[in-house]
Amino acid sequence: EGVTAIVGNRRVYVGNERLFKRLNMYNLSSDHLEYVKRWNDEGGTIGFIAIEGLGIIAMYCVIDTIRQEAQHVVTSMMNNDVKVVMLTGDGDGAARVIGEKIGLPSSSIHSQFLPEDKLHYVSSLKDVSLKSAGLFTKGKRLVMMVGDGVNDAPALATADVGVAMGQGAALALEMSDVTLMDSDLNKLLFSMRMGSKVITTVKENIVFSLIANATAVGLTFAGKMTLLLAIACDVGVMLLVTLNGMKLLSERTIRALEESSSIKSTFGKYEYEMQQNEDEIEIV
């Protein structure tokens, strides 16, 4: 909601609308309410500054510039049957504008979430996923939480996979399972595709091992298995699965994954180029 401190023997508050309504200090003139409405419609996050005994003395608006790769990453994930949901502590207006710009439906945008709200939402997703998994159905869908702030830490720890941005808060980095080295969202796509590649490789190695073992058992029952052939079969399978796993480290594989996740690739009719995230601040 905000912060408070003692400045010059007077208590000063800085926070959002929820904080000042709780303190019964949200008394704005009609002109200032018009500013609040306009900023909210423009997608801004609105904050207020107040002094005890004087009330609200200033208000400000912070507008986040969306990272240029964000829409590409979100659209790519949704096209790969990944349900994307935005959980934010920002107001309804800011959340709606940002969600629309990156291609999220209104049903997937949740605003004014406190840390415990994010925690409960992620926990509910895990419960629904667990209940939907059955003996004759596909395994449960995993819940991944991506965040970079202190308020994301509880949800990061609760999710099946917690991903923290490299330039985020230390607590978020500590509670996450995966840490991206910087805030480039393309690395999130790269990590997901590399993880899928790893699972496929593990399955391939299991199949190779089963085929080799079944062949060895068949030769044994046929009376054609020798000690030298058994050793060659065992060592051969070990070398085969090792080499198959090492292909994940090959420059060709990494380059292919990077190109499929790159921001420079054309997606639909748009071409995106990476741009640093900046804040636009307007103060009244």
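All values derive from a computational prediction rather than experimental measurement.

Each value, and the rule that gives it
Residues numbered from 1 in each chain as written. Predicted model: local features only at pLDDT ≥ 70, side-chain atom pairs only at ≥ 80, totals over all residues. Heavy atoms only, no water. Helix = DSSP H or I, 4+ residues; strand = E, 2+ residues; numbered from the N terminus. Buried < 20%, exposed > 50% of the residue type's maximum accessible area, 1.4 Å probe, protein only. Contact = heavy atoms within 4.5 Å. Areas by Shrake-Rupley, 256 points an atom, 1.4 Å probe, with all protein chains shown as cover. pLDDT = per-residue confidence, 0-100. Pairing = 2+ DSSP bridges. Phe/Tyr/Trp six-rings, centres within 6.5 Å; stacked < 30°, edge-to-face > 60°. Axes fitted to C-alpha atoms, helices over the stretch in contact; angles between N-to-C directions. Parallel < 35°, antiparallel > 145°, perpendicular 65-115°, else oblique. Nonpolar A, V, L, I, M, F, W, Y, C, P; charged D, E, K, R; others polar. Right-handed = clockwise from strand over helix to strand, strands pointing away. Expected span 1.5 Å × (residues − 1). Polar contact = N/O pair within 3.5 Å; in protein donor to acceptor, adjacent residues only side chain to side chain.

*Asks:* What should I look at first to understand the overall build of the protein in this one?
*Replies:* Per the secondary structure count, the protein includes ten helices and twelve strands. Within the protein, buried positions represent 31% of all 284 residues. Excluding contacts between residues fewer than 6 apart, the proportion of contacts in the protein whose partners are at least 24 apart in sequence is 51%. As displayed, the protein has an accessible area near 17600 Å², and 59% of this comes from carbon and sulfur atoms.

*Asks:* What am I meant to see in the environment of Val7 here?
*Replies:* Within the secondary structure layout, Val7 lies in strand β1 (residues 2-7). Along the sequence, Val7 and Ile51 sit 44 residues apart, while their C-alpha atoms lie 9.3 Å from each other.

*Asks:* Hey, could you run me through the confidence of the model for the protein in this one?
*Replies:* The predicted coordinates of low-pLDDT regions are not to be read in fine detail. On average, residues of the protein score 78 in pLDDT, and 86% of them reach the 70 mark or higher. For the stretch residues 263-284, pLDDT sits under 50, and the model shows 53 contacts to residues farther than four places along the chain or on other chains.

*Asks:* What's the story with the sheet that holds strand β7 (residues 144-147) in this structure? I'm lost.
*Replies:* By definition, the strands of a sheet pair up through backbone hydrogen bonds, in either a parallel or an antiparallel sense. Read from one edge to the other, the open sheet built from three strands follows the order β7-β8-β9, with strand pairing classed as parallel. At either end of the open sheet lies a strand with only one pairing partner, and these are β7 and β9 (178-179). Here β7 pairs with strand β8 (residues 161-164) via four bridges, running parallel. Bridging from a neighbouring strand, Gly147 pairs with Ala164 of β8.

*Asks:* Looking at this structure, I do not really get the packing of aromatic side chains. What am I missing?
*Replies:* In this description, a pair of aromatic rings is defined by centroid distance and the angle of the planes. Considering all chains together, one arrives at four aromatic pairs under this definition. Where Tyr35 meets Trp39, the ring centres are 5.6 Å apart and the plane angle is 55°; that geometry is what we call tilted. Separated by four residues within a single helix, Tyr35 and Trp39 lie in helix α2 (residues 30-41), roughly one turn from each other. By relative accessible area, Tyr35 is classed as partly exposed at 33%. Trp39 sits in the buried class, given a relative accessible area of 0%.

*Asks:* I tried to follow the pairing of β1 on my own but got confused; where do I start?
*Replies:* The side chains of a regular strand alternate between the sheet's two faces. With zero of six residues buried, β1 lies mostly on the surface of the structure. The pairing of β1 with strand β2 (residues 10-15) spans six bridges and is antiparallel. Directly across from Val3, in β2, lies its bridge partner Val14. Taking the residues between adjacent antiparallel strands as the criterion, β1 and β2 are bridged by two residues, where Gly8 takes a positive phi near 60°.

*Asks:* How should the packing of helix α3 (residues 70-79) against helix α8 (residues 186-221) be read in this particular structure?
*Replies:* When two helices pack together, their arrangement is given by the angle between their axes and by how far apart the axes lie. In contact at an axis separation of 9 Å, α3 and α8 are set at 25° when each is read in the N-to-C sense. Judged on the interaxial angle alone, α8 and α3 are roughly parallel. Two secondary-structure elements touch here, α3 through His72, Val73, Ser76 and Met77 and α8 through Asn186, Leu188, Leu189, Met192 and Arg193. When the residues that make up the contact of α3 with α8 are grouped by side-chain class, the tally is five nonpolar, three polar and one charged.

*Asks:* Is there a simple way to think about the environment of Met145 in this case?
*Replies:* Counting through the fold element by element, Met145 comes out in strand β7. With 17 residues separating them in the primary sequence, Met145 and Gly162 have C-alpha atoms 5.0 Å apart. Not counting residues up to four positions away in its chain, the partners in contact with Met145 are Val122, Asp152, Ala155, Leu156, Ala159, Val161, Gly162 and Val163.

*Asks:* It is not clear to me how the pairing of β7 should be interpreted in this structure. Could you clarify?
*Replies:* Side chains Met145 and Gly147 of β7 all project onto a buried face; the interleaved residues Met144 and Val146 project onto a face where none is buried. Each parallel crossover has a hand, and for β7 linked through helix α6 (residues 153-158) to β8 it is right-handed.

*Asks:* I would appreciate a short explanation of α2 in the present structure.
*Replies:* One full turn of an α-helix is made of 3.6 residues, so residues set three or four places apart face in the same direction. For α2, built from twelve residues, the straight-helix expectation of 16 Å at 1.5 Å per residue is met to within 8% by its first-to-last C-alpha distance of 16 Å. Gly43 sits one or two positions beyond α2 and adopts a positive phi of about 90°.

*Asks:* Is there a simple way to explain the side chain of Asn244 in this structure?
*Replies:* Mapped onto the secondary structure, Asn244 falls in helix α9 (residues 227-246). Side-chain polar atoms of Asn244 contact the side chain of Glu204, separated by 3.2 Å. For Asn244, the side chain forms a polar contact with the side chain of Lys247, separated by 3.3 Å. When neighbours within four sequence positions are excluded, Asn244 is seen to be in contact with Thr201, Glu204, Asn205 and Phe208.

*Asks:* When you look at unusual backbone geometry in this model, what are you seeing that I'm missing?
*Replies:* Negative phi is the rule for most residues except glycine; trans is the rule for most peptide bonds. We note that Asn9 has phi near 65°; this positive angle belongs to a residue other than glycine. Take Asn9: it is sitting in the loop between β1 and β2. Residue classification places Asn9 among the exposed residues on the basis of a relative accessible area of 78%. Here Gln112, not a glycine, exhibits a phi torsion of approximately 55°, which is positive. Position of Gln112 among the secondary structure elements: in the loop between β6 (109-110) and α5 (115-132).

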